[in-house]
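Observations on the three-dimensional arrangement
Next come the chains, spelled out residue by residue.
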Amino acid sequence: MSRAVLMNNYGTPPVTFVRGDGTELWDDRGRRYLDFLCGLAVTGLGHAHPAVTEAVAAQAGTLIHTSNLFANEPTAEVVETLDRLIRSGPGGDTEPGRILFQNSGAEAVEAALKLARKHQGRGRHGVVSAYGSFHGRTLAALAATGQPEKHEPFQPMPEGFRHVPFDDYGALEAALDPSVGAVVLESVQGEGGVVPAGDEYLQAVRRVCDERGILLVLDEIQTGLARTGRWFGYQHAGVQPDIVTMAKALGNGVPVGAVWARPGVAAAFVPGDHGSTFAGQPLALAAVRAVLAQMQAMDAPAAAARLGGALRGQLLQIDGVDSVRGRGLLLAAELSEEARAGRTAKDIASACLDQGLVVNGVTPTALRLAPPFVVSTEQLAEGCSILAGVLEHG
Ligand SMILES: *Cc1c(COP(=O)(O)O)cnc(C)c1O
């Protein structure tokens, strides 16, 4: 007799986790792990955060879903708070924007691309994004993703997308012909290897977009909500995007994405232009409301900056770590050739998992570390000592 199993798009998972608490996870054999990955920069407040658990449980017992044909109770406060945080950095807009909820990151990017197309009009539907970027797996988000090898099996891609080298202003400017209506960038390329954009680069891109009436879309799905040490990654550069996409940390694991746009851009969407059955439902929005309240109460950006600085310092002490890049608690450790000893970063991550540390290989030679904002300094030291052991002993 054969059993039904999952499709193989993720390969065979190595571990079954059954429980979490803060930075810790336990598998089905009772083994404890330190989670320095957070489900790919999602559970910023740690696992089973009491305030999020309580909010989700209470909402589940009250009202889970009604559709977007009707208003719901948690939304107004969430929209108000998110809008304020998105504009809170240096150079932030004074005028409030508008927000659209989705269920995931790719959907948020998809909605942002549709909004940009509708606003700019046919003939100005071109989108320029960067090589090495990651914007999601739906067809248009995949087309924006600057990794041609991910396109190949699914050709033809939707029309109008082109890519330029990341953090290279000259290359970007040269690609801005009159058909281009939007530029889509990450403030730190997450999946692309944790590569931050230079502040001057983002400032120059903002200027040229202003001059030419091009929309600047910042994909903050991985960097947003405190991870880089500011509420949003673009706030390090002091620029305000026209459109911002969010998802990962927004619900601390409850699936939810969002798009923010300046009011004049948001106005392009009128009834009938876009929709989603589940998006913006009370259950997800109750989670977001609790997440935002907790993040503000603990000053999550400050925690990410402080703990990220500590983690960076400890990583640099490890024999076998050549350099560390990234911002706040979104870091990549570049491993030396000697320490890798013929292994890829993926092999090293799997050896770390065996020793009770969850990280991932973000390039063949670098590990990504994205612990939660509630990680303790003892846990940072414990995680670094596991990594040091793996690099030393193989
Ligand atoms: C993860 C990610 C996405 C895709 O989000 P999903 O929820 O997996 O669809 C898009 N953009 C960036 C920058 C991401 O890190």
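Cut-offs used in this document
- Residues numbered from 1 in each chain as written.
- Predicted model: local features only at pLDDT ≥ 70, side-chain atom pairs only at ≥ 80, totals over all residues.
- Heavy atoms only, no water.
- Pairing = 2+ DSSP bridges.
- Helix = DSSP H or I, 4+ residues; strand = E, 2+ residues; numbered from the N terminus.
- Axes fitted to C-alpha atoms, helices over the stretch in contact; angles between N-to-C directions.
- Contact = heavy atoms within 4.5 Å.
- Core = buried A, V, L, I, M, F, W, Y, C linked by side-chain atoms within 4.5 Å.
- Buried < 20%, exposed > 50% of the residue type's maximum accessible area, 1.4 Å probe, protein only.
- Domains from an automatic or database assignment.
- Buried area = accessible area lost by both parts, 1.4 Å probe.
- Salt bridge = Lys/Arg side-chain N within 4 Å of Asp/Glu carboxyl O.
- Polar contact = N/O pair within 3.5 Å; in protein donor to acceptor, adjacent residues only side chain to side chain.
- Nonpolar A, V, L, I, M, F, W, Y, C, P; charged D, E, K, R; others polar.
- Expected span 1.5 Å × (residues − 1).
- Arc of directions from axis to C-beta.
- Near = heavy atom within 4 Å.
- Areas by Shrake-Rupley, 256 points an atom, 1.4 Å probe, with all protein chains shown as cover.
- Parallel < 35°, antiparallel > 145°, perpendicular 65-115°, else oblique.
- Left-handed = near helix turned anticlockwise from the far one by under 90°.

**A few points about the sheet that holds strand S14 (residues 330-335)**
Across the sheet, four strands lie side by side as S13-S14-S17-S16; this open sheet has antiparallel pairing. Across the chains shown, the open sheet's two edge strands, defined by having one partner strand only, are strand S13 (321-327) and strand S16 (360-363). Adjacent strand axes in the sheet meet at a mean angle of 35 degrees, parallel and antiparallel pairs treated alike. Relative to strand S17 (residues 366-369), S16 is paired through three bridges, and the arrangement is antiparallel. Bridge pairing in S17 links Thr363 to Ala366. Its contacts with the sheet place helix H11 (residues 300-317) against S13, S14 and S17, and it is angled at close to 165 degrees to S13.

**Some remarks on the nonpolar core**
Counting residues in each nonpolar core, the largest one holds 83 residues, and the members touching the most others are Leu82, Val183 and Met246. Ranked by the residues each element gives to this core, the list is headed by helix H10 (residues 282-298), at eight residues. Counting only domains with at least three residues in this core, you end up with domain 1 (17-48 + 300-393) and domain 2 (63-298). With sequence-adjacent residues up to four places away left out, Val183 is seen in contact with Val128, Leu172, Leu176, Val205, Cys209, Ile214, Leu215, Leu216 and Val217. Within the second largest apolar cluster, 27 residues are counted, among which are Leu113, Met157, Val217 and Val265.

**Regarding the domain arrangement of the protein**
Each assigned domain of the protein is listed with its residue range as follows: domain 1 (17-48 + 300-393) and domain 2 (63-298). Of the residues lining the interface, 29 residues belong to domain 1; the matching set on domain 2 comes to 28 residues. Across the domain 1 to domain 2 interface the summed buried area is about 2,300 Å²; carbon plus sulfur atoms make up 62%. Of all residues in domain 1, Leu45, Arg327 and Leu330 bury the most surface against domain 2, accounting for 31% of the area lost on that side. For the pair domain 1 and domain 2, the number of links is two salt bridges. A salt bridge links Asp199 to Arg327; its shortest N-O distance comes to 3.2 Å. Taken together, the connections running from domain 1 to domain 2 amount to 13 residue pairs in polar contact (both at pLDDT 80 or more). Mapped by element, the contributors of at least two residues to the side of domain 1 that touches domain 2 are helix H1 (38-41), H11, S13, S14 and S16. Residue contributions to the side of domain 1 that touches domain 2 peak at five residues, all from H11. Broken down by class, the residue content of the side of domain 1 that touches domain 2 amounts to 20 nonpolar, six polar and three charged.

**Observations concerning H10**
Here H10 spans 24 Å end to end across 17 residues, near enough to the 24 Å set by a 1.5 Å rise per residue. Taken together, the buried positions of H10 are occupied by Pro282, Leu283, Ala284, Leu285, Ala286, Ala287, Val288, Ala290, Val291, Leu292 and Met295. Of the surrounding secondary structure, the elements contacted by the buried residues of H10 are helix H2 (50-60), helix H3 (75-86), strand S4 (98-102) and H11. One or two residues past the end of H10 sits Asp299, with phi positive at roughly 50 degrees.

**Some points on helix H14 (residues 377-393)**
With 17 residues, H14 extends 24 Å between its outermost C-alpha atoms, agreeing within 8% with the 24 Å of an ideal straight helix rising 1.5 Å per residue. When we look at burial in H14, the residues that qualify are Gln379, Leu380, Gly383, Cys384, Ile386, Leu387, Val390 and Leu391. The buried residues of H14 occupy an angular sector of 155 degrees when projected down its axis, which confines them to one face. Seen from the open side of H14, the exposed residues pointing more than 90 degrees away from its buried face are Glu378, Glu392 and His393.

**Remarks on the site of the ligand**
As a structural note, the neighbourhood of the ligand is formed by Ser104, Gly105, Ala106, Phe134, His135, Gly136, Glu186, Asp219, Ile221, Gln222 and Lys248. Contact between the ligand and Phe134: a nitrogen atom at 3.2 Å from a main-chain N or O atom of the residue. At 2.7 Å from a nitrogen atom of the ligand is found a side-chain nitrogen or oxygen belonging to Asp219. Look at the ligand: alone it shows 380 Å² of surface, and the protein chains cover 81% of it. Grouping the constituent residues of the shell around the ligand by class yields three nonpolar, five polar and three charged.

**Points about the packing of helix H13 (residues 345-354) against H14**
Remark: H13 packs on H14, axes separated minimally by 9 Å, with the N-to-C direction vectors making an angle of 120 degrees. As the angle between them shows, H13 and H14 are arranged oblique. At the point where H13 passes H14, the crossing takes the right-handed sense. When H13 is examined against H14, the residues Ile348, Ala351 and Cys352 are found in contact with a partner set consisting of Ile386, Leu387, Val390 and Leu391.

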